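Spelled out, the chains give:
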Amino acid sequence: MRATAGTGSRLWPAVRAWRLPIVLAALLAGAGMGSLFAGSVAMSPGEIARALIGGKRDVFEIIVWQLRVPRTLLAMLIGASLGLSGAVLQGLVRNPLAEPGLLGISGAAAFGAVVAFYSGFAALFLLALPLGGMAGAAGAVVLLLVLSGPSASTLTLILAGVAVSSLAGALTALALNLSPDPYAATEIIFWMMGSLADRSFEHVQMAAACMLPGWLLLFSVRRALDALSLGEDAATSLGFDLRSVRFRAVFGTALAVGAAVSVSGTIGFIGLVVPHLLRPLVGQEPGRLLAASALGGALLLTLTDIVVRLLAPGPEIKIGVLTALFGAPFFLVLLLRLRREAS
Amino acid sequence: MAAQTVSRRQALGWRRAGFGATASSLPATRAALLLIAVLSAAIAPAHAQPDRIVSLNLCTDQMALMLVPRKTIRSLSYLAVRPDISAASDRAGGILLNHGRSEEILPLHPDIILAGRYTARPTVFLLERLGYDVLDQDISRSIADVRERVREAGLALGKTDEAEAQVAAMDARLAALAPRPGERRPTAIYYQPNGFAAGADTLVGDVIAHAGLDNLGANAGVRGHGRMPLETLLELHPEVLIVDDRKPEAPALAYEVLRHPALKAMIDRTVQVVVPTRLWICGIPAVVDAVEILAAARSKVIARSGS
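Residues numbered from 1 in each chain as written. Chains lettered and ligands numbered in written order. Predicted model: local features only at pLDDT ≥ 70, side-chain atom pairs only at ≥ 80, totals over all residues. Heavy atoms only, no water.

1. Concerning the side chain of Ser35(A)
Residue and element names in this part refer to chain A.
Then, in step 1: One can find serine 35 in helix α1 (residues 2–35).
Then, in step 2: One polar contact links serine 35 to threonine 72, side chain to side chain, over a distance of 2.7 Å.
Then, in step 3: Filtering out sequence-adjacent residues up to four positions away, serine 35 remains in contact with Thr72, Thr302, Ile306 and Arg309. (Helix = DSSP H or I, 4+ residues; strand = E, 2+ residues; numbered from the N terminus. Polar contact = N/O pair within 3.5 Å; in protein donor to acceptor, adjacent residues only side chain to side chain. Contact = heavy atoms within 4.5 Å.)

2. Some remarks on the state of the cysteines
Residue and element names in this part refer to chain B.
Then, in step 1: Enumeration according to the criterion identifies one disulfide over all chains in this entry.
Then, in step 2: Each sulfur in the disulfide pair cysteine 59 and cysteine 282 lies 1.9 Å from the other. The chirality of the disulfide connecting cysteine 59 with cysteine 282 is left-handed, given an S-S dihedral of about -80 degrees. A residue pair is termed long-range when its members are at least 10 positions apart, and cysteine 59 in helix α3 (residues 58–67) and cysteine 282 in the loop between α13 (277–280) and α14 (287–306) qualify at 223 residues. Side by side, cysteine 59 and cysteine 282 carry an identical accessibility label, which is buried. (Disulfide = S-S within 2.5 Å. Buried < 20%, exposed > 50% of the residue type's maximum accessible area, 1.4 Å probe, protein only.)

3. Things to note about the interface of chain A and chain B
Then, in step 1: On the chain B side, the residues contacting the 29 residues of chain A number 30 residues.
Then, in step 2: A combined buried area of about 2500 Å² lies between chain A and chain B, and 61% of that area is made up of carbon and sulfur atoms.
Then, in step 3: The largest per-residue losses of area from chain A upon contact with chain B belong to Phe117(A), Pro182(A) and Tyr183(A), which jointly make up 21% of the total buried on that side.
Then, in step 4: On inspection of chain A and its partner chain B, the count reaches two salt bridges.
Then, in step 5: Of the charged contacts, one joins Glu231(B) and Arg68(A) as a salt bridge, the two residues approaching to 2.7 Å between their closest N and O atoms.
Then, in step 6: At the surface where chain A touches chain B, the tally comes to 10 residue pairs in polar contact (both at pLDDT 80 or more).
Then, in step 7: In terms of residue class, the side of chain A that touches chain B is built from 15 nonpolar, seven polar and seven charged. (Buried area = accessible area lost by both parts, 1.4 Å probe. Salt bridge = Lys/Arg side-chain N within 4 Å of Asp/Glu carboxyl O. Nonpolar A, V, L, I, M, F, W, Y, C, P; charged D, E, K, R; others polar.)

4. Re the environment of Leu196(A)
Then, in step 1: Note that Leu196(A) resides in the loop between α7 (188–193) and α8 (201–219).
Then, in step 2: Residues within four places of Leu196(A) in sequence aside, it is in contact with Arg71(A), Leu74(A), Ala75(A), Ile78(A), Ser264(A), Asp305(A) and Ile319(A).

From the geometry alone we can't say anything about function, so treat these as descriptive.
Below is the structure:
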């Protein structure tokens, strides 16, 4: 009797720890299935299922396997990267407003990708495009840490982000205007607002190849983030090498966000909204927030991308427009709440 | 820079073509222009055979090169020499090129100025105010429009006989290329960068129809040159996929849709035809060459499906 109770009480925290990720993963699987139905060609569940099983190489199979599956996978990968890096950045700088988009990391990644793509470098080998994005993202993170210092105030960090963002945006516009191709200049909207339209498995490959090592780096700082929530001195005394923690978080973010932006353009606010919504559910432990934020980001972006496809009878609106429409008010409410807490 | 101008003009033209908002005012304007041309020919006989011709537009450049002796052309637009978009680029060499600016045109003392409805507007308005003879040609949305443009240009340039001869030659070739009555019309789509397809009310759409093909862009409700999602293209599954021959001047996302693996998977089971852009970017008799290319594709599809 006593033994059973003991096992139960030891099991309970484990179940509780896994409950949220399991629920999110189940929702994500559902959203992923739903995403296969969204598109300009209406298909019944039976047709989708037959196309997924495949073997006939008919039009439906091409539409599902070459257009909708890669699009869904990309939404998941990119959403996960944005949610995860948002959670890590917020834990690392102990600042609830840290997010790749607001800090200008996404914008700088877009600039890196634009340079790689429009110069023709991206055509040389598969990973050249994400390399450009990652270089841009890494440059932005390093610049941010130099500009704002390791334990900067919320205000300093956000202002540094504004500076990096606008510089990156201006450089992106410049690079696109310098291209001799007449289409290039109009494509700034893709890099500023993001889109998952007509991407292919090639993009899934190049994104995943760079994101996965990024995710490993980001997850490796899980315990350090818990310790950091007690302060830097506490974390150091618990045996964490803060230089190494910062390095892994920064380059993990650069890999994940750089790869994401280079295939989809800048998609904002996912990294801000998702960790905030999930934080109360994980008991304010930054380490436990990581897996949940990755799954939550994937879920939110997959759902948003379904809405994008359902909304548009004409040309698709950019997905970053939608994320900004719910993300920006969220950001403002958050600012108000922070101000109230401070006063 | 050059291509930017072209594509902007094209886009403008397509937008107009798509909405058709200006359609009602066109016949009146056209009649007025014809009247001006006729009057100027009657009142000033010296102008009946203009010999200081200036053209500001890619399409009127080609009209002039087709109808009048080269030595009577003072200046052509800077696009006239580009082989990718001008079907008369080989005959445009050695003629002074202009960029549609008034300062370039006035010193040439033109006795007639050929312009396009959507190019060099400020210059054209200035020249008209100054009393110059200006032929302002609208874009062609059909092969019937092409005939009208050729006759219009012939009248303005004092070359009505040449113009009629060109139209007759065009019609003879079109008749020879037309499908036999009752012959099957294979389906076709013209697919461009950024996923744009040509609808019914476009020159491209009419060329496709004259070649005996069924333009699915028109059937799918595309107006002018409009967006067609890649999924829709795959579902429509045309028997002939028409693309243009323009090489990107630099990489751009616009071309990615044409390289998408899904499209490549479809092309395996489709006849792909390349139509040089210069043949149908303007409403000139060269569009018959485009009809010929597409008619050959039609025969190929019919032969393949028949065997």
